Amino acid sequence: MKTSTKTLYAQLQQHQKTMKTLSLRRLFEDDSHRNDRFSAETSGIYFDYSKNHINSETLKLLCKFAEHRKLSQAMSDLLSGKHVNNTENRPALHTALRFQGKPKTEQEFMVAEAKKKMSRLVNSIETQQWLGFTGKPINTVINIGIGGSDLGPRMITQALSNYKKNVDVKFVANIDGADLCDTLIGADPETTLFIICSKSFTTLETLENAHSAKRWIQQQGCPDKQLKQHFIAISTNLPAAKDFGICDKNILPLWNWVGGRYSLWSTIGLSIALAIGMEHFEELLLGAHQMDKHYATAPLQNNLPVLAGLLSFWYSQFWGCSSYAVLPYAKRLSKLPTYLQQLDMESLGKNISKDGEPINTPTGTVTWGTEGSNSQHSFHQLLHQGNQLIPIDFIMAKKPMSPLIHQHAYLQACCIGQSQALLKGKTLADAETELRHQGLDEASIKTLAPHKVIIGNKPSNTILIEELSPQNLGSLISFYEHKVYTLGVLLNINPFDQWGVELGKQLSQPTYQAIIGKESNTLWDSSTNSLIKKARS
Ligand code: F6P
């Protein structure tokens, strides 16, 4: 760590000691305007971060650290297309995918052209002009892809299922053949179209599933020369897509300046556009663009993604928090935590700095969660009474997502009730009074009351969106993308590469050869050798 970094860390450590003595309860009691001071709103997103272990001094010190890391400059480098992905020597221009108005830059022109082609494809399927090998229109689309070529489109398609058009969109990712086989149960080969989504077109899972899908449709009677009616590819690797047998006309371009986990806004979003219509896909892009504009222009202390990044930095570096939970109180957002796992952990789970120096402080935070209120009946016990400090992002919508209005009020009540319980907790005196009201005798009260104590003082953010619409969802995802970039800058990490995943991929090839009995390696460790032997059966 450089001296000034060390000094600023020391100041924040010292400040943390003070903040630790001030409970969240106390912070709220002492300042009736706390919520006004620690909340902000933009692009359909209201961000309440008042239930955190912070005061204005905390934000001042965190912003000072951000300035030391030249965050504002780094933000404009990202948005202006500088090579922020230094280990791969390229820009990370996912924001160019959602530009609005007339194209100006080279990348925007490419995006505009690709979107025209994408729009034509969507239109021909929607209007039933795209026909399968027996002349029937396509009614089922299966997206074959993994990681960034799956998680975003899968999450959004579910989140916006109430905007569904007349095409059924399904997803296959896993190398486990059960994924493809289960998805193909009941599928009609005459009306099914596969989108092979792979930035690299070299990913094991995607290629194996794509070949199996091709064999399936051939076995179902599709003549080779009509296979083109059932396959679209999205990739940067045109030769590989063509080698697979997909014709030029059916290949949508993708570019190296779009990271896999930032690609849902690109042609990789074709499955989204087919599921909800091109017009709603455009609204998703618009929402993301509005958040980009906010990120680019709002001062650091009012900038939503920056604030979220600073808070995450505060907890991971100074409060020992190694995980954080995302709890969307919206059934349709149940896949958001899984999507955020890749965004957060593939971007920030690194022990080497941008400049190639080892990092000794904690970096990527374990991201996990599921939808509320289900989560309350599985793991909230640990959130309330466990010893770990786990910051939480609660997400809820103002407008109901079903006609059952009273259930929506309960859903909101559950969400708000949980963040309040985490803040307040329950004292021993409160627990005793409660038991006394229930008519328990004093001996039983003494035994039981300690078990009912909840220390509280647990931090959370609440993100309130107006309604779960394409535009607001676009803003929400863009908010998280920029939060991750902010953290990358604060931690001095390149959030756009993922070298860590390579070794496992490399080792799976010789291991596969050994399992199918073609090659064994006595130099491998005894555990690996024995597992291979047993797996062979
Ligand atoms: O294994 C990691 C990864 O490279 C991700 O970053 C990426 O989203 C995923 O694999 C899929 O890659 P592709 O789109 O090239 O098939």
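So, how was this worked out
- Residues numbered from 1 in each chain as written.
- Predicted model: local features only at pLDDT ≥ 70, side-chain atom pairs only at ≥ 80, totals over all residues.
- Heavy atoms only, no water.
- UniProt positions renumbered as here; feature names shortened; annotations may be inferred.
- Helix = DSSP H or I, 4+ residues; strand = E, 2+ residues; numbered from the N terminus.
- Buried < 20%, exposed > 50% of the residue type's maximum accessible area, 1.4 Å probe, protein only.
- Contact = heavy atoms within 4.5 Å.
- Polar contact = N/O pair within 3.5 Å; in protein donor to acceptor, adjacent residues only side chain to side chain.
- Expected span 1.5 Å × (residues − 1).
- Phe/Tyr/Trp six-rings, centres within 6.5 Å; stacked < 30°, edge-to-face > 60°.
- Domains from an automatic or database assignment.
- Buried area = accessible area lost by both parts, 1.4 Å probe.
- Salt bridge = Lys/Arg side-chain N within 4 Å of Asp/Glu carboxyl O.
- Core = buried A, V, L, I, M, F, W, Y, C linked by side-chain atoms within 4.5 Å.
- Pairing = 2+ DSSP bridges.
- Axes fitted to C-alpha atoms, helices over the stretch in contact; angles between N-to-C directions.
- Near = heavy atom within 4 Å.
- Areas by Shrake-Rupley, 256 points an atom, 1.4 Å probe, with all protein chains shown as cover.
- Parallel < 35°, antiparallel > 145°, perpendicular 65-115°, else oblique.
- Left-handed = near helix turned anticlockwise from the far one by under 90°.

Considering the UniProt feature "active site" (unreviewed entry) in the protein
Per the UniProt record, "active site" (unreviewed entry) is found at E346, H377 and K505. These residues run over 160 residues, and the two farthest C-alpha atoms among them are 36.8 Å apart, placing them at more than one spot. Within the fold, E346 resides in helix α14 (residues 336-348). The exposure class of E346 is partly exposed, given its relative accessible area of 22%. Contact partners of E346, with chain neighbours within four places excluded, come to R261, Q341, D497, Q498 and V501. At 2.9 Å, the side chain of E346 and the side chain of Q342 are in polar contact. For H377, the location among the structural elements is in the loop between β9 (366-368) and α15 (380-385).

Quick look at helix α13 (residues 304-318)
For α13, spanning 15 residues, the distance from its first C-alpha to its last is 21 Å, which sits close to the expected 21 Å at 1.5 Å a residue. Among the 15 residues of α13, 15 are classified as buried, and the element is accordingly described as predominantly covered. Of the residues flanking the end of α13, it is G320, one or two places downstream, whose phi is positive at about 70°.

As for the environment of F379
Counting through the fold element by element, F379 comes out in the loop between β9 and α15. As a C-alpha pair, F379 and G369 span 10 residues in sequence and 9.2 Å in three-dimensional space. Look past the residues within four positions of F379 in its chain and what remains in contact with it is L327, W368, G369 and T370.

What to know about the packing of aromatic side chains
Taken as a whole and assessed by the stated rule, the structure comprises 21 aromatic pairs. Each ring, one from Y9 and one from F313, has its centre 6.1 Å from the other, and the planes form 80°; the classification is edge-to-face. Pair noted here: Y9 is in helix α1 (residues 3-20) and F313 is in helix α13, with a separation of 304 residues, a long-range link. For Y9, a relative accessible area of 7% translates into the label buried. Given a relative accessible area of 0%, F313 falls into the buried group.

Quick notes on the environment of I455
Checked against the element boundaries, I455 lands in the loop between α18 (442-452) and β11 (460-465). Not counting residues within four places of it along the chain, the set of residues in contact with I455 comprises K424 and G425.

Here's the deal with the domain arrangement of the protein
Domain annotation of the protein identifies domain 1 (24-77 + 285-424 + 459-497), domain 2 (99-276), domain 3 (425-453) and domain 4 (501-536). Using only C-alpha atoms to locate each centre, domain 1 and domain 2 end up separated by 32 Å. In total, about 2200 Å² of surface goes out of reach between domain 1 and domain 2, with carbon and sulfur atoms giving 64% of it. One salt bridge in this structure joins E346 and R261, with 2.8 Å as the shortest N-O distance. Elements that contribute at least two residues to the side of domain 1 that touches domain 2 include exactly α12 (278-297), α14 and α19 (470-491).

Side note on the nonpolar core
Residues L270, L473 and Y480 are the most contacted members of the largest nonpolar core, which totals 130 residues. Element by element, the count of residues in this core is highest for α19, at 11 residues. The contact partners of L270, leaving out residues within four places of it in the chain, are M118, L121, V122, I195, I232, I234 and L252. The next biggest cluster of nonpolar side chains, apart from the first, holds 22 residues, and it includes L180, F194, A210 and F231.

Points about the sheet that holds β9
To summarise the sheet geometry, strands pair through backbone hydrogen bonds and adopt either a parallel or an antiparallel arrangement. Read across the sheet, 6 strands follow the order β1-β2-β11-β10-β8-β9 without closing on themselves; strand pairing throughout is mixed. With partners counted over all chains shown, the strands left at the sheet margins are β1 (39-42) and β9, one partner each. Each adjacent strand pair in this sheet contributes to an overall mean axis angle of 15°, direction not counted. Taken together, the 5 bridges between strand β8 (residues 323-329) and strand β10 (residues 392-397) define a ladder with parallel strand orientation. In the sheet register, V326 faces β10, and the bridge partner there is D393. Packed on one face of the sheet, α13 meets β1, β2 (45-48) and β11 and runs near 30° to β2.

Comments concerning the site of the ligand
Taken together, 13 residues form the shell around the ligand, and within it G148, S149, S198, S200 and T203 come nearest. S200 is positioned such that a nitrogen or oxygen atom in its side chain is 2.6 Å from an oxygen atom of the ligand. Contact distances for the ligand include 3.2 Å between an oxygen atom and a side-chain N or O atom of K505. Contact with the protein chains removes 86% of the 390 Å² of surface that the ligand exposes when unbound.

Considering the pairing of β2
Here 4 bridges tie β1 to β2, and the two strands are oriented antiparallel to one another. Residue pairing for β2: S39 is matched across the bridge by D48. The hairpin turn running from β1 into β2, its antiparallel successor, is 2 residues long, and S43 in that turn takes a positive phi close to 45°. Bridging between β2 and β11 involves 4 bridges; their strand directions are antiparallel. Among the inter-strand pairings, Y46 is bridged to a residue of β11, identified as L464.

Examining the packing of α13 against α19
It is the contact of α13 with α19, at a shortest axis distance of 8 Å, that shows an interaxial angle of 50°. On the basis of their axis angle, the class for α13 and α19 is oblique. Handedness of the crossing formed by α13 with α19: right-handed. Facing α13, whose interface residues are L304, P305, V306, A308, G309, L310, S312, F313 and Q317, α19 presents F479, H482, K483, T486, L487, L490 and L491.

Concerning the sheet that holds strand β5 (residues 192-197)
The strand order β4-β3-β5-β6-β7 describes an open sheet built from 5 strands, whose pairing is parallel. The open sheet has two free edges, formed respectively by β4 (168-172) and β7 (251-253), since each of these has just one partner strand. Strand-to-strand, the axes of this sheet are offset by a mean angle of 20°, without reference to chain direction. As defined by bridge partners, strand β6 (residues 231-235) adjoins β7 across 3 bridges and the pair is classed as parallel. Among the inter-strand pairings, I234 is bridged to a residue of β7, identified as L252. Against the sheet, helix α9 (residues 204-219) touches β3 (140-144), β4, β5 and β6, its axis set at about 160° to β5.

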